[in-house]
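Coordinate analysis (summary)
What follows is the residue order along each chain.
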Amino acid sequence: MSDSTDRVRGADFSLAGRVVVITGGAGLLGTRHAEAIAAAGGTPVIADRRGGEADAVAASVATAFGVPTLGVATDVTSETSVRALFDAVMLRFGRVDALVNNAANNPKVEDGASAFSRLEDFPLEQWTADLAVGLTGAFLCAKVFGTAMAAQGHGVIVNISSEYGIIAPDQRLYAVEGMPENQQPKKPVSYTPVKAGLHGLTLYLATYWADRGVRANTITLGGVENGQPAEFLARAAQRIPMARMAQPTDFQGALVWLCSDASSFVNGANVVVDGGKSVW
Ligand SMILES: NC(=O)c1ccc[n+]([C@@H]2O[C@H](COP(=O)([O-])OP(=O)(O)OC[C@H]3O[C@@H](n4cnc5c(N)ncnc54)[C@H](O)[C@@H]3O)[C@@H](O)[C@H]2O)c1
């Protein structure tokens, strides 16, 4: 059997025994990322500011998939906390193979219009907080985990971005009928800079440790269906060639692929999983 046949027969997609740290791992998508890693045989570490939820996700994924897991209360905006996460991973597993920078402030339609904030009134404190979680947090995790990966000579970093990192939010999507224009909810101004910046971080990391066996890539996600009002879902679907929003599981294949040896020559890429939305 040729090497090339072996490569597509599945072995290279396996994450057996690999330790994958997922920040924001207790959230809507972080949980799905953890399930995907576990389904591929990997060991997900759920690092989330909400420590109780991180433990709960770790426990349920371990039960469902029969793999070791770990939940760690972590604040990615704190270098001390990220170093404590690294120490906890080393103490428990003695290795780290991949880092998924997934944590972000991500206000959602389903959380209500008040979660959205207009540029005219957007508080500097919120801007600073959004950058701290989504961008500085990814930098700090890459610094701590990437340095260790470079030292060991292998590793993968996956930055979780959004369609709004490559296209602007269409604010008409969030419009509330009958509401005065100056009160209409908007996707926050911080979101696109954070998500575009994440791919910038990917580009930097992809070159920085390439000669040390560390790859870095971005997954750009389309908006996820999650109990939004039917009218919103219909409006969103009109803007997507595949005529639907994403399901939370739609990104799992891309994540496993990028964490595994099946993507061994993929470095600095932006894998867009958006049903074609950004093509229109
Ligand atoms: N849901 C979507 O439609 C969508 C679409 C595109 C991209 N994304 C991206 O996917 C990622 C996950 O989104 P989600 O929908 O699961 O969001 P979510 O809000 O459900 O989860 C985010 C998680 O991050 C955690 N977190 C927040 N601040 C933290 C900090 N300082 N340290 C550690 N953890 C922290 C939260 O506790 C939460 O569990 C985000 O990067 C988001 O931008 C989501």
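See the structure printed just above.
Residues numbered from 1 in each chain as written. Predicted model: local features only at pLDDT ≥ 70, side-chain atom pairs only at ≥ 80, totals over all residues. Heavy atoms only, no water.

1. Things to note about the side chain of K277
- Among the structural elements, K277 can be located in the segment after β7 (270–273).
- Looking at K277, the relative accessible area reads 9%, which means it is buried.
- Apart from the residues lying within four places of it in its own chain, the contact partners of K277 are E163, Y164, I167, L173, R239, I240 and P241. (Helix = DSSP H or I, 4+ residues; strand = E, 2+ residues; numbered from the N terminus. Buried < 20%, exposed > 50% of the residue type's maximum accessible area, 1.4 Å probe, protein only. Contact = heavy atoms within 4.5 Å.)

2. Quick word on helix α4 (residues 79–93)
- Relative to the 21 Å expected for 15 residues at 1.5 Å per residue, α4 spans 21 Å between its end C-alpha atoms, a close match to the ideal helical length.
- Of the residues making up α4, those classed as buried are S81, V82, L85, F86, V89 and F93. Burial along α4 is one-sided: seen end-on, the buried residues are contained in an arc of 145 degrees. Summarising the geometry of α4, the exposed residues directed more than 90 degrees from the buried face are T80 and L91.
- In this fold, the buried residues of α4 make contact with β1 (19–23), β2 (43–48), β3 (70–73) and α5 (124–152).
- Positive backbone phi, at 70 degrees, marks G94, one or two positions downstream of α4. (Expected span 1.5 Å × (residues − 1). Arc of directions from axis to C-beta.)

3. What about the side chain of T23?
- Assignment of secondary structure puts T23 in strand β1.
- Look past the residues within four positions of T23 in its chain and what remains in contact with it is A47, V76, L99, V100, N101, N102, A103 and C141.

4. Some thoughts on helix α8 (residues 252–259)
- The element α8 is extensively covered by neighbouring structure, given that six of its eight residues are classed as buried.
- The secondary structure elements touched by the buried residues of α8 are β1, α2 (28–39), β4 (98–101), β5 (155–162), β6 (214–221) and β7.

5. Quick word on the packing of aromatic side chains
- Counted by the stated rule, this structure contains five aromatic pairs.
- Between F86 and F145 the ring centres are 5.4 Å apart and the planes differ by 75 degrees, which places this aromatic pair in the edge-to-face class. Taken together, the residues span a long stretch of sequence, with F86 in helix α4 and F145 in helix α5 at a distance of 59 residues. Each member of the pair F86 and F145 is classed as buried. (Phe/Tyr/Trp six-rings, centres within 6.5 Å; stacked < 30°, edge-to-face > 60°.)

6. Some words on the site of the ligand
- Around the ligand, the surrounding shell holds 27 residues, and the nearest of these are L29, D48, R50, Y191 and K195.
- Within the side chain of R50, one N or O atom sits 2.8 Å away from an oxygen atom of the ligand.
- Between Y191 and the ligand, the recorded distance is 2.5 Å, taken from a side-chain N or O atom to an oxygen atom.
- Protein contacts shield 91% of the accessible area of the ligand, which totals 820 Å² for the unbound molecule.
- When contributions to the shell around the ligand are tallied by element, the ones reaching two or more residues are α2, β5 and α6 (191–208).
- If you tally residues by element for the shell around the ligand, the top one is β5, at three residues.
- The residue makeup of the shell around the ligand, split by class, is eleven nonpolar, ten polar and six charged. (Near = heavy atom within 4 Å. Polar contact = N/O pair within 3.5 Å; in protein donor to acceptor, adjacent residues only side chain to side chain. Areas by Shrake-Rupley, 256 points an atom, 1.4 Å probe, with all protein chains shown as cover. Nonpolar A, V, L, I, M, F, W, Y, C, P; charged D, E, K, R; others polar.)

7. Looking at a nonpolar patch on the surface
- On the surface, L119, L124, W127 and V189 cluster together to form a nonpolar patch covering roughly 380 Å² of accessible area.
- Mapped onto the elements of the fold, W127 is located in helix α5.
- Take W127: its relative accessible area is 31%, and that puts it in the partly exposed class. (Patch = residues over 30% accessible without salt bridge, like charges linked within 9 Å, V, L, I, M, F, W, Y side chains within 5 Å. Salt bridge = Lys/Arg side-chain N within 4 Å of Asp/Glu carboxyl O.)

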